[in-house]
Amino acid sequence: MQLKLTVEYEGTRYQGWQVQPGGPTVQEVLERALATALREPVRVRGAGRTDAGVHACGQVAAIKVTRVPTDLGRLRKSLNALTPEDVAVREITVVDDAFDPRRHARSRVYEYRILNAPAPSPFWRRHAWHLPDPLDAGAMDAAAQQLVGEHDFAAFRAADAEPVHSTVRRVLESRVLAGPVLVHRIEATAFLKHMVRNIVGTLVEVGRGERPPASLGELIAGRDRTRAGATAPAHGLTLVAVRY
């Protein structure tokens, strides 16, 4: 049998989700806590990798266990006592052996936050990109909506990304919500490496009046990463939900 975990983490001090040399990772923290609580070694499989500094409030993971604990609430409490304060397990449920948190996901939802205010905020410094100059949220929203549908997103792919079978992705929602903290909310069936952060960097150029909203359609057609905006900082990005 398998256990399905819904996990939150504040990603500031982590080198991302996946276990790797060079620093702590969320997967590593969870595996260590689970091994202690379950008294057996486990391998945590996540719905997707998040980069260093990226946060999550709806990451999904699964583990195979030799026996299912009788009290999942008690297990959750134990795990949250064993993990640091910047990682928490919100929910644990039993799923069958066939469940794959990555392959069975229908879509993923991300939100990127921009603090658009003259002065920085100590309260938002780890969760929003501070930009003091006024941004045109309406123009950014008009540009963001052009991403909805199935397109080739090669122009928004990380320059150092490993080769993939296809750079075509289907975006279900893409909006920019106005306010003191601007939010770009995007849902897609899958994402390329740095795709959301590269889109946000381009939307910021639209908000500054440096390119028209219609240019995102042209970028998609051109498939040229060098013509899109800079990569937005990781700390403004949060994985909000994984839908099944």
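Here, residues in each chain are numbered from 1, in the same order as that chain's written sequence. Predicted model: local features are reported for residues with pLDDT of at least 70 only, side-chain atom pairs are reported and counted for 80 or more only, and whole-chain, interface and lining totals are derived from all residues. Hydrogens and waters are ignored; side-chain quantities use all the structure's heavy atoms.

A. Highlighting the pattern of salt bridges. Each salt bridge in this description consists of a side-chain nitrogen of Lys or Arg and a carboxyl oxygen of Asp or Glu lying within 4 Å of one another. Applying the stated criterion across every chain, the model contains 14 salt bridges. The partner of Arg197 in a salt bridge is Asp51, and the shortest N-O contact between them spans 3.5 Å. Here Arg197, found in helix H4 (residues 195-207), pairs with Asp51, found in the loop between strand E2 (45-46) and strand E3 (55-64); they are 146 residues apart in sequence, far enough to count as distant. Any residue under 20% of the maximum accessible area for its type is buried, any over 50% is exposed, and the rest in between are partly exposed; the area is computed with a 1.4 Å probe on protein chains only. According to the relative accessible area criterion, Arg197 is buried, its value standing at 12%. Its relative accessible area of 26% is what places Asp51 among the partly exposed residues. Ionic contacts of the salt-bridge type, sharing partners, join the residues Glu111, Arg113, Glu173 and Arg185 into one network. In this text, helices come from DSSP runs of H or I with a minimum length of four residues, and strands from runs of E with a minimum of two, each type numbered from the N-terminal end.

B. Region of interest: the nonpolar core. Buried Ala, Val, Leu, Ile, Met, Phe, Trp, Tyr and Cys residues form a nonpolar core when they are joined through side-chain atoms within 4.5 Å. By size, the foremost hydrophobic cluster in this structure holds 68 residues, and its most contacted members are Leu5, Ile114 and Phe156. It is H4 that provides the largest number of residues to this core, a total of seven residues. We call two residues contacting when some pair of their heavy atoms lies within 4.5 Å. What Ile114 contacts, discounting residues up to four positions off in sequence, is Ala128, Trp129, Leu131, Leu135, Met140, Pro180, Val181, Leu182, Val200 and Val204.

C. Geometry of the environment of Leu5. Tracing the sequence through the fold places Leu5 in strand E1 (residues 2-9). For the pair Leu5 and Trp17, spaced twelve residues apart in sequence, the C-alpha separation works out to 14 Å. Excluding its chain neighbours within four sequence positions, the residues that come into contact with Leu5 are Leu34, Gln59, Val60, Ala61, Ile63, Leu79, Val89, Glu91 and Ile92.

D. Quick peek at the pairing of E1. The buried fraction of E1 is high, at six of eight residues. When DSSP finds two or more bridges between a pair of strands, those strands are recorded as paired. Looking at chain direction, E1 and E3 are connected through seven bridges and run antiparallel. Looking across to E3, one finds that Leu3 is bridged to Ile63. Where E1 and strand E4 (residues 87-95) come together, eight bridges link them in antiparallel fashion. Note that in E4 the partner of Glu8 across the bridge is Ala88.

E. Representation of the side chain of Glu10 within the structure. Relative to the helices and strands, Glu10 is located in the loop between E1 and helix H1 (26-38). Think of it this way: Lys and Arg go in the positive column, Asp and Glu in the negative one, and His and the chain ends go nowhere. Although Glu10 is buried, it makes no salt bridge; Arg126 carries the closest opposite charge, 4.0 Å away. Within the local environment of Glu10, its side chain forms a polar contact with the side chain of His127, the two groups lying 3.3 Å apart. Every residue in contact with Glu10, bar those within four places of it in the chain, is listed here: His55, Asp86, Arg126 and His127. The definition of a polar contact used here is a pair of N or O atoms within 3.5 Å, where within protein one atom must be able to donate a hydrogen and the other to accept one, and adjacent residues in sequence count solely through side-chain atom pairs.

F. Geometry of the packing of aromatic side chains. Aromatic rings from Phe, Tyr and Trp, with only the six-membered ring used for Trp, were paired whenever their centres fell within 6.5 Å, and each pair was classed as stacked if the ring planes differed by under 30 degrees, edge-to-face if by over 60, and tilted otherwise. One pass over the structure, following the stated rule, counts five aromatic pairs. Ring centres 5.1 Å apart and planes at 85° place the aromatic pair Tyr110 and Phe191 in the edge-to-face group. Residue Tyr110 is found in strand E5 (residues 107-115), and its partner Phe191 is found in the loop between strand E9 (181-188) and H4; the two are separated by 81 residues along the sequence. For the pair formed by Tyr110 and Phe191, the shared burial category is buried.

G. How the structure looks around the side chain of Asp152. Following the sequence through the fold, Asp152 ends up in strand E7 (residues 149-152). Among the polar contacts made by the side chain of Asp152, one reaches the side chain of Arg223 at a distance of 2.6 Å. In this structure, Asp152 is in contact with Thr167, Val168, Ile220 and Arg223, ignoring residues within four places of it in sequence.

H. The arrangement of unusual backbone geometry in detail. Phi angles above zero are rare outside glycine, and Arg39 is one such case at about 60°. With respect to the element layout, Arg39 can be found in the loop between H1 and E2. Arg39 gets classed as exposed once you look at its relative accessible area, which sits at 78%. Here the phi dihedral of His194 falls at roughly 65°; this positive angle occurs in a residue that is not glycine. With respect to the secondary-structure elements, His194 resides in the loop between E9 and H4.

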